[in-house]
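Architecture at a glance
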Amino acid sequence: MKTYHLIGNLKMNPVSRDAVDRYLDMLRHEFVDGLPEGVAITVAAPFPYLERFASGLPEGVGLAAQDVFWEGEGAYTGEVSSAMLRDLGVSSVLVGHSERRRYARESDDDIAKKAAAAAEAGLGVVLCVGETAEERASGREADAVAEQLGAALSGVPSVHARRIVVAYEPRWAIGTDRVPTPEEILSVRIVIRRAVAERFGHDTAEAVPVLYGGSVRAVSLPETCFDAAMDGVLVGRESLVPDEFGRMACALSERATAGGTVPDIDRI
Ligand code: 13P
């Protein structure tokens, strides 16, 4: 059976311990009968509340951080290492999110160092890539994504390649309620597969999951995930709504357990 990935990126939310506890109560309620089959669910929580999430997430839901620093320890004011994250029960980390590129001015080189350090420390790495509206308007989306991915993967040793998940998040689709067509998503997925294959070979490229992110809702899963042959979704706003997040998990599970209906990208 195929396993779909459902990752909620809570960004800079919720904003208090009480709000975190309310969110976790509702999320546990959503999954009170256990997690649906065929879906790997992860929540990427803000640093100050990681420990609260580690103890409060429903059984079986993975915990991710939203950023990490490349050094292991030392004089790096404000930074957080992979070892610290692992110590708190974190199993994966988002790297290169467009909001980090934009607000924290993260460069491809920073992102490459973060991806390499996190993978070497044993964390799963959700590597975010995606073109701007201008790049898409000028037909440069494939080049933009291939360049970001090539740079980001350059430092990751092959032995850790299977710790990578790629999330394709067109910047113009984040927080806008605009989504690409399935054909547009699929064509970038093929670019991603090729870039991963160039770095790590075909077998690994087939094993590296590719997710779509940007204005995903349960009702848009057919276009953003299934018809585009994606391996799951990275969800922002709607992951803050536990019953909507639960609906997405159920829809992904239904698709996974239906079997035989997953488009095979190699035949497209
Ligand atoms: P939205 O789902 O709110 O558009 O955010 C997507 C995102 O940035 C997930 O990382």
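The structure contained in this document is the topic of the report that follows. (Residues numbered from 1 in each chain as written. Predicted model: local features only at pLDDT ≥ 70, side-chain atom pairs only at ≥ 80, totals over all residues. Heavy atoms only, no water.)

Taken together, Asn 9, Lys 11, His 97, Glu 169, Ala 173, Ile 174, Gly 175, Gly 214, Ser 215, Leu 234, Gly 236 and Arg 237 form the complete shell of residues around the ligand. In the model, an oxygen atom of the ligand is placed 2.8 Å from a nitrogen or oxygen of the His 97 side chain. The separation between an oxygen atom of the ligand and a polar main-chain atom of Ser 215 is 2.8 Å. Coverage of the ligand by the protein chains reaches 98% of its 310 Å² of free accessible surface. (Near = heavy atom within 4 Å. Polar contact = N/O pair within 3.5 Å; in protein donor to acceptor, adjacent residues only side chain to side chain. Areas by Shrake-Rupley, 256 points an atom, 1.4 Å probe, with all protein chains shown as cover.)

The next subject is the pattern of salt bridges. Summed over all chains, the structure comprises 18 salt bridges. Across the salt bridge formed by Glu 99 and Lys 11, the nearest N and O atoms sit 2.8 Å from each other. Linking Glu 99 in helix H4 (residues 98–103) with Lys 11 in the loop between strand E1 (4–9) and helix H1 (17–30), this pair joins segments that are 88 residues apart in sequence. Using a relative accessible area of 26% as the deciding quantity, one classes Glu 99 as partly exposed. Overall, the relative accessible area of 22% leaves Lys 11 in the partly exposed class. Between Arg 237 and Asp 177 there is a salt bridge; the shortest N-O distance is 3.3 Å. With a gap of 60 residues between them, Arg 237 in the loop between strand E8 (232–235) and helix H11 (242–258) and Asp 177 in the loop between strand E6 (164–168) and helix H8 (182–200) connect regions that are remote in the sequence. For Asp 177, a relative accessible area of 57% puts it in the exposed group. Each of Asp 67, Arg 100, Glu 106 and Lys 114 takes part in salt bridges that share partners, so that together they form one network. (Salt bridge = Lys/Arg side-chain N within 4 Å of Asp/Glu carboxyl O. Helix = DSSP H or I, 4+ residues; strand = E, 2+ residues; numbered from the N terminus. Buried < 20%, exposed > 50% of the residue type's maximum accessible area, 1.4 Å probe, protein only.)

This paragraph deals with the sheet that holds strand E7 (residues 210–213). Spatial strand order, E1-E2-E3-E4-E5-E6-E7-E8: 8 strands in a closed barrel with parallel pairing. Adjacent strand axes in the sheet meet at a mean angle of 25°, parallel and antiparallel pairs treated alike. The pairing of strand E2 (residues 39–44) with strand E3 (residues 62–65) spans 3 bridges and is parallel. Bridge pairing in E3 links Ala 44 to Ala 64. (Pairing = 2+ DSSP bridges. Axes fitted to C-alpha atoms, helices over the stretch in contact; angles between N-to-C directions.)

Another aspect to go through is the state of the cysteines. A complete count under the given rule lists 0 disulfides for this structure. Unpaired in this structure, Cys 128 has its nearest cysteine sulfur neighbour in Cys 225, at a distance of 16 Å. Cysteine Cys 225 is unpaired, with the sulfur of Cys 250 as its nearest cysteine sulfur at 15 Å. (Disulfide = S-S within 2.5 Å.)

With that out of the way, let us pick up helix H7 (residues 141–153). Compared with the 18 Å implied by 1.5 Å per residue over 13 residues, the 18 Å span of H7 between its first and last C-alpha is a close match. When we look at burial in H7, the residues that qualify are Glu 141, Ala 144, Val 145, Gln 148, Leu 149, Ala 152 and Leu 153. Each buried residue of H7 lies within a common arc of 145° when the element is viewed along its axis, so the set occupies one face. (Expected span 1.5 Å × (residues − 1). Arc of directions from axis to C-beta.)

With 69 residues, the main nonpolar core has Leu 6, Phe 53 and Ile 192 as its most contacted residues. Residue contributions to this core peak at 7 residues, all from H8. Formed by 10 residues, the second largest nonpolar core is a distinct cluster that contains Ile 7, Ala 44, Leu 94 and Leu 234. (Core = buried A, V, L, I, M, F, W, Y, C linked by side-chain atoms within 4.5 Å.)

On to the environment of Val 32. Secondary-structure assignment places Val 32 in the loop between H1 and E2. Overall, Val 32 belongs to the exposed group, its relative accessible area being 59%. In this structure the C-alpha to C-alpha distance between Val 32 and Ala 115, which are 83 residues apart in sequence, comes to 34 Å.

A few words now on H11. Over its 17 residues, H11 extends 24 Å from the first C-alpha to the last, a length consistent with the 24 Å expected when each residue adds 1.5 Å. Contacts made by the buried residues of H11 are with E1, H1, E2, helix H10 (221–226) and E8. (Contact = heavy atoms within 4.5 Å.)

Attention now moves to the pairing of strand E4 (residues 92–95). Neither face of E4 is left uncovered, since the one carrying Ser 92 and Leu 94 and the one carrying Val 93 and Val 95 both have all their residues buried. Looking at chain direction, E3 and E4 are connected through 2 bridges and run parallel. The partner of Ala 64 across the bridge, within E4, is Ser 92. Chirality of the crossover, the property in question, places the unit of E3, helix H3 (residues 82–87) and E4 among those that are right-handed. In terms of strand pairing, E4 meets strand E5 (residues 124–129) through 4 bridges, oriented parallel. Residue Leu 94 lies in a different strand from E5, and its bridge partner there is Val 126. (Right-handed = clockwise from strand over helix to strand, strands pointing away.)

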